[in-house]
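# Coordinates in review
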Amino acid sequence: MTQTTDSPLIAPAPRRKAEPRIHRAWTVAAVAFVTIIGAAAFRSLPGLLIDPLHSEFHWSRGTIGAAVSVNLALYGLTAPFAAALMDRFGIRKVVAVALTVIALGSGLTVFMHHAWQLVLYWGLLVGLGSGSMALAFAATVTNRWFTERRGLVTGILTAASASGQLIFLPLLSWMVEAHGWRPAAVTVTLAALAVVPFVWLLLRDHPADVGLAPYGASAFVPKPTPVTGAARRTLAVLVKAARTGPFWLLAGTFAICGASTNGLVQTHFVPAAHDHGMPVTAAAGLLAVIGVFDVAGTIFSGWLTDRFESRRLLATYYALRGISLLFLPMLLAPAVHPPMVFFIVFYGLDWVATVPPTIALCRQHYGDDSAIVFGWVLASHQVGAAVIAFLGGVARDVFGSYDVVWYASGALCAAAALMALVIRRRGPGTEPLAV
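Residues numbered from 1 in each chain as written. Predicted model: local features only at pLDDT ≥ 70, side-chain atom pairs only at ≥ 80, totals over all residues. Heavy atoms only, no water.

## Re the overall build of the protein
Definition in use: By the criteria applied, helices consist of DSSP H or I runs no shorter than four residues and strands consist of E runs no shorter than two, each listed in order from the N terminus. Here the term buried applies to any residue with accessible area under 20% of the maximum for its type, exposed to any over 50%, and partly exposed to those in between, with areas from a 1.4 Å probe on protein chains only. What makes two residues a contact is simply this: any of their non-hydrogen atoms within 4.5 Å.
Looking only at helices and strands, the protein features 18 helices and zero strands. Across the 435 residues of the protein, 57% fall into the buried class. Relative to all contacts within the protein whose residues are 6 or more apart in sequence, the contacts with residues 24 or more apart total 84%.

## A short note on a nonpolar patch on the surface
Worth spelling out the cut-off: Think of a patch as exposed residues, more than 30% relative accessible area, with no salt bridge, where like charges cluster within 9 Å and nonpolar side chains (Val, Leu, Ile, Met, Phe, Trp, Tyr) cluster within 5 Å. Calculation of accessible area relied on Shrake-Rupley with a 1.4 Å probe; when residues are assessed, cover is drawn exclusively from the protein chains displayed. Basic side-chain nitrogens of Lys or Arg form a salt bridge, by our definition, when they fall within 4 Å of a carboxyl oxygen of Asp or Glu.
Taken together, the side chains of L320, I323, L326, F327, M330 and Y407 define a hydrophobic patch exposed on the protein surface, amounting to about 580 Å² of accessible area. Mapped onto the fold, F327 is located in helix α14 (residues 310-331).

## A short note on the pattern of salt bridges
With the rule as written, the count across this model stands at six salt bridges. Among the ionic pairs, E309 bridges to R311, the shortest N-O distance being 2.4 Å. Beyond isolated ion pairs, a larger network of salt bridges with shared partners links E309, R311 and R312.

## As for the packing of α14 against helix α18 (residues 403-422)
We apply this condition: Interaxial angles span 0 to 180 degrees and are taken between N-to-C directions of axes, which are lines fitted to C-alpha atoms, for helices over the stretch in contact. Throughout this description, any angle smaller than 35 degrees is read as roughly parallel, any larger than 145 degrees as roughly antiparallel, any in the 65 to 115 degree range as roughly perpendicular, and the remainder as oblique. Crossings are classed by handedness, with left-handed meaning an anticlockwise turn of the near helix from the far one by less than a right angle and right-handed meaning a clockwise turn.
At a minimum axis distance of 8 Å, the contact between α14 and α18 shows a crossing angle of 165°. The angle between α14 and α18 places the two elements in the roughly antiparallel class. When the axes of α14 and α18 are compared, the crossing they make is left-handed. On α18, the residues that touch R311, R312, L314, A315, Y318, A319, R321, G322, L325, L326, L328 and P329 of α14 are D403, W406, Y407, S409, G410, C413, A416, A417, A420 and L421.

## Thoughts on the packing of aromatic side chains
Here the distance between the centres and the angle between the planes together describe a pair of aromatic rings. To keep it simple, the criterion reads: Each pair of aromatic rings taken from Phe, Tyr and Trp, with Trp reduced to its six-membered ring, is defined by centres within 6.5 Å and is described as stacked if the planes are under 30 degrees apart, edge-to-face if over 60, and tilted in the remaining cases. Any Lys NZ or Arg CZ that is within 6 Å of a ring centre and within 35 degrees of that ring's normal is treated as a charge sitting over the ring.
Counting across every chain of the model gives 13 aromatic pairs. Note on F57 and W59: the rings are 4.4 Å apart at their centroids and 15° apart in plane angle, and the pair reads as stacked. Here a set of aromatic residues connected by ring pairs shows up, and it is made of W26, F146 and Y215. For the cation-ring pair, R88 lies above F89, with the distance from its terminal atom to the ring centre recorded as 4.8 Å.

## Looking at the nonpolar core
Let me state the cut-off plainly: Here, the term nonpolar core denotes a set of buried Ala, Val, Leu, Ile, Met, Phe, Trp, Tyr and Cys residues that are joined through side-chain atoms within 4.5 Å.
Ranked by internal contacts, the top residues of the largest apolar core, which has 121 residues, are F137 and F269. Residues V68, A385, A386 and A389 belong to the second largest nonpolar core, which totals six residues.

## Quick look at the environment of S301
By the element assignment, S301 lies in helix α13 (residues 280-305). S301 gets classed as buried once you look at its relative accessible area, which sits at 0%. Along the primary structure S301 and D350 are separated by 49 residues, whereas in three dimensions their C-alpha atoms are 8.9 Å apart. Excluding anything up to four places from it in sequence, S301 contacts Y317, A353, P356 and P357.

## Description of the packing of helix α11 (residues 245-260) against helix α17 (residues 370-399)
How two helices pack is summed up by the angle between their axes together with the distance between the axes. Threshold: Basically, the charged four are Asp, Glu, Lys and Arg, the nonpolar ten are Ala, Val, Leu, Ile, Met, Phe, Trp, Tyr, Cys and Pro, and anything else, Gly included, counts as polar.
Running from amino to carboxyl end, α11 crosses α17 at an angle of 40°, the nearest separation of the two axes being 7 Å. Our classification of the angle between α11 and α17 gives oblique. Considering the relative orientation of α11 and α17, their crossing is right-handed. Packed against α11, whose contacting residues are F247, L250, A251, F254, A255, C257, G258 and A259, the element α17 presents V373, F374, W376, V377, L378, S380, H381, G384, A385 and I388 at the interface. Its residues placed into classes, the contact of α11 with α17 shows 14 nonpolar, four polar and no charged.

## Examining the state of the cysteines
Stated formally: Criterion for a disulfide: a pair of cysteine sulfur atoms within 2.5 Å.
Taken as a whole and assessed by the stated rule, the structure comprises zero disulfides. Residue C257 stays outside any disulfide, its sulfur separated by 8.0 Å from that of C413, the closest cysteine.

## Some words on the side chain of H206
Counted only if it meets this: Whenever two N or O atoms come within 3.5 Å, that pair is a polar contact, provided that in protein one can donate a hydrogen and the other can accept it, and provided that, for residues adjacent in sequence, both atoms are side-chain atoms.
Locating H206 in the fold gives a position in the loop between α9 (181-202) and α10 (230-241). Polar side-chain contacts of H206 include one of 3.0 Å to the backbone nitrogen of A208. In contact with H206, not counting residues within four places along its chain, are R144, W145, V221, P222, K223 and P224.

## Focus: α10
Test applied: Expected helix span is taken as 1.5 Å per residue step, with the number of steps being one fewer than the number of residues. The arc in question is the one traced by the directions running from the helix axis out to the C-beta atoms.
In this model, α10 (12 residues) spans 16 Å end to end at C-alpha, consistent with the 16 Å of a helix rising 1.5 Å per residue. Where α10 is concerned, the buried positions are A230, R233, T234, V237 and A241. Seen along its axis, α10 keeps its buried residues to an arc of 100°; they face one direction. For α10, the elements touching its buried residues are α4 (61-89), α11, α16 (355-366) and α17.

## Observations concerning unusual backbone geometry
With phi around 60°, H58 is a residue other than glycine that occupies positive phi space. Inspection of the secondary structure puts H58 in the loop between α3 (46-57) and α4. Phi is positive for R149, close to 60°, though the residue is something other than glycine. For R149, the position within the fold is in the loop between α7 (135-145) and α8 (150-179). On the basis of relative accessibility, which here comes to 43%, the residue R149 falls in the partly exposed class.

## Quick word on the environment of G348
The topology assignment puts G348 in helix α15 (residues 338-350). When sequence neighbours within four positions are dropped, the list of residues in contact with G348 reads I290, F293, D294 and F343.

## Remarks on the confidence of the model for the protein
Cut-off, in case you're wondering: How sure the predictor is of each residue is captured by pLDDT, a score from 0 to 100.
Predicted confidence across the protein gives a mean pLDDT of 82, with 89% of residues reaching 70 or more. Model confidence for the protein, summarised as mean pLDDT per element, is weakest for helix α2 (residues 41-44) at 66 and strongest for α11 at 93.

## Here we look at α15
Taking 1.5 Å of rise per residue, 13 residues should cover 18 Å, and α15 covers 19 Å from first to last C-alpha, within 8% of that figure. Those residues of α15 that sit buried are M340, F343, I344, Y347, G348 and D350. Angular distribution of buried residues about the axis of α15 spans 160°; they occupy a single face of the element. In α15, the exposed residues that point more than 90 degrees away from the buried face are P338 and F342. In this fold, the buried residues of α15 make contact with α11, α12 (262-275), α13 and α14.

Set out below in structure tokens:
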């Protein structure tokens, strides 16, 4: 008699390709870098639009600042949902749609005549599209494709937005000065559209799609099953993360980060320098120099994040940023002088150096949900930026200068440094918090 056993069918393991000489993860990172650069064109434009729109349409700076605030807020609030949508539909589809929405919103501003249209086109459409291209995108790519060099890759992808500023800001400022703001808006549209083919042809959602393990992994990692209910999952992660202390400390510090960079310097530095007699092209050139040193500072911060405690790095970055902002009102002048150049270099090195250690802390505390948690932390960053973008314009209308905003931001950075040190430290063997 022959004995038979009922055994379940076992699906064959995915076939793993031989490791290439240059891991595909670096190609994906390069495509992500170029994509973020193309989308970064829109980030160079708001500060250049304030004076031209004020002159042409006679809108107050507070009104224009309100549209920028909607843009900045949606940039952050969309990010956690975009991270969940990438888990559901894939990185490539979400990013391609986001770039198209950015192009649509920027292109429509050319035909606007009313302030509500600025809020709708630049605030809503560009805000939604850019939010899907936010740093949660960089965090998702890094988490999926790398197990080693995560801090370095995070720094490189974060620096892409600064590189985009470096590339587009001088060109856009020249266009605004020589030909008006409309050709600059069209340039943003074309830059976003130009990147779409690269995303569709070269970007891949997961290493398993090409039969590879993540860079630095010792074993093949199967592609996760698409997660349905993206909105529900995003909100569930927020609710659970909000019950933990590290989330609120990270969100608070990153809100101050956004207030002191995107909301203040990126939006109001050019008009503030122009108030002191500096030509717009010169002020825009200084912002571009910030972009040069931002690239170096962010990549170096990623390298440091792989080697040193992230909490102490954050505290150092915020303290140095706050000190530099307190000196800025004394440095603004009609011409560029050595102390101003020193500020630009110093501030540039610190601009988004906070991102790699913040992402690392999210990963340490929240594990597999860290990209979505970081998306919510990034939302706080953009809410902080939106508040200061609006209040900065209002302060300029009320007080006739930006000085009070510079000093307030410096004080907030000091508070952020203290908050960073309070974040609970996790040992290397401790499990991430369950969210």
